[in-house]
Structure formats: structure tokens, C-alpha cells
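# Results of the structural survey
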Amino acid sequence: MAGAIDSTAQPRGVAIKKLIAFALVAGGAACAAKAVAAKKAEWAGMPESAVRAKLDARIPEQVPAEQRTVIADKVVAKMRQRGIIGEEPSLTDADGNGQAT
């Protein structure tokens with residue numbers, strides 16, 4: 001049959017709608033990935049004491065102190081395992097004689 005209509009072809013409007021929906025989903029995924037990367041960068045390189053202080057501020061007060069300590073220990077251990085814990089700031093001068101001035 002010459003000139004038969006292909007019943008599997010989609011109308012042009014449906015294809016454009018699918019393309020726009022795909023672009024929106026891909027854009028949303030890219031924004032989410034960017035936000036996660038920014039949060040990771042915010043925590044990377046922080047010394048252990050700063051990580052513990054930040055975690056303590058973020059965990060609700062309803063959680064008992066012992067449980068907050070356990071949570072902080074687990075988070076710090078995981079960060080240390082991944083190598084993203086920074087060095088503690090040194091309070092000594094170049095000669096190692098007490099506090100720096």
C-alpha cells in the first residue's frame with residue numbers, strides 16, 4: 001500500500017511534550033546533584049572538632065546526649081575512612097613552643 005499511514009508514529013506535539021518532560025527531569029536531577037555536591041564540599045576539610053560541633057547543633061535536643069555522641073562518632077569515623085576530615089588547627093608556633101602569637 002503506497003501512502004499507508006504508519007500507525008506507530010507519534011504526532012509531533014506528543015514528541016515535543018516528551019522531550020520537554022525529559023529536559024525538566026534531567027534539569028531537576030542536575031540541580032539535585034549540584035546541591036548534594038555543595039553540601040559535601042561544605043563538610044569536606046573540616047577538623048573533627050568542627051564536625052562534632054556542627055552535628056551537635058543539627059541533631060535535635062530530643063535525642064539523648066549519649067545517642068548524639070554515638071551518631072557523631074559514626075559520622076566522624078566514616079568521614080575519616082573516606083579521608084575528608086581536615087587537620088585540627090595547631091596552637092603551637094613554628095618551634096613547637098606553646099601557643100602561637
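These notes cover the structure that comes with them. In this text the structure is predicted, and so the values were computed from the model without any measurement.

## Details of a nonpolar patch on the surface
- There is a patch of nonpolar side chains on the surface, built from Ile16, Ile20 and Leu24 and spanning about 310 Å² of accessible area.
- According to the relative accessible area criterion, Ile16 is partly exposed, its value standing at 43%.

## Section: the packing of aromatic side chains
- Taken as a whole and assessed by the stated rule, the structure comprises 0 aromatic pairs.
- Its guanidinium or amino end placed over the ring of Trp43, Lys54 lies 4.7 Å from that ring's centre, counting from NZ or CZ.

## Section: the pattern of salt bridges
- All told, the structure shown has 7 salt bridges when counted by the stated rule.
- Across the salt bridge formed by Glu48 and Arg80, the nearest N and O atoms sit 2.4 Å from each other. Pair noted here: Glu48 is in helix 2 (residues 48-58) and Arg80 is in helix 3 (residues 65-82), with a separation of 32 residues, a long-range link.
- Residue Glu48 is classed as partly exposed on the basis of its relative accessible area, which comes to 22%.
- Residue classification places Arg80 among the partly exposed positions, given a relative accessible area of 46%.
- Arg52 is the partner of Asp73 in a salt bridge, and the nearest nitrogen-oxygen pair spans 2.7 Å. Remark: Arg52 occurs in helix 2 and Asp73 occurs in helix 3; sequence separation between them is 21 residues.
- Here the salt bridges do not stand alone but share partners, grouping Glu48, Arg52, Asp73 and Arg80 into one network.

Rules behind the numbers
Residues numbered from 1 in each chain as written. Predicted model: local features only at pLDDT ≥ 70, side-chain atom pairs only at ≥ 80, totals over all residues. Heavy atoms only, no water. Patch = residues over 30% accessible without salt bridge, like charges linked within 9 Å, V, L, I, M, F, W, Y side chains within 5 Å. Areas by Shrake-Rupley, 256 points an atom, 1.4 Å probe, with all protein chains shown as cover. Salt bridge = Lys/Arg side-chain N within 4 Å of Asp/Glu carboxyl O. Buried < 20%, exposed > 50% of the residue type's maximum accessible area, 1.4 Å probe, protein only. Phe/Tyr/Trp six-rings, centres within 6.5 Å; stacked < 30°, edge-to-face > 60°. Lys NZ or Arg CZ within 6 Å of the ring centre and 35° of its normal. Helix = DSSP H or I, 4+ residues; strand = E, 2+ residues; numbered from the N terminus.

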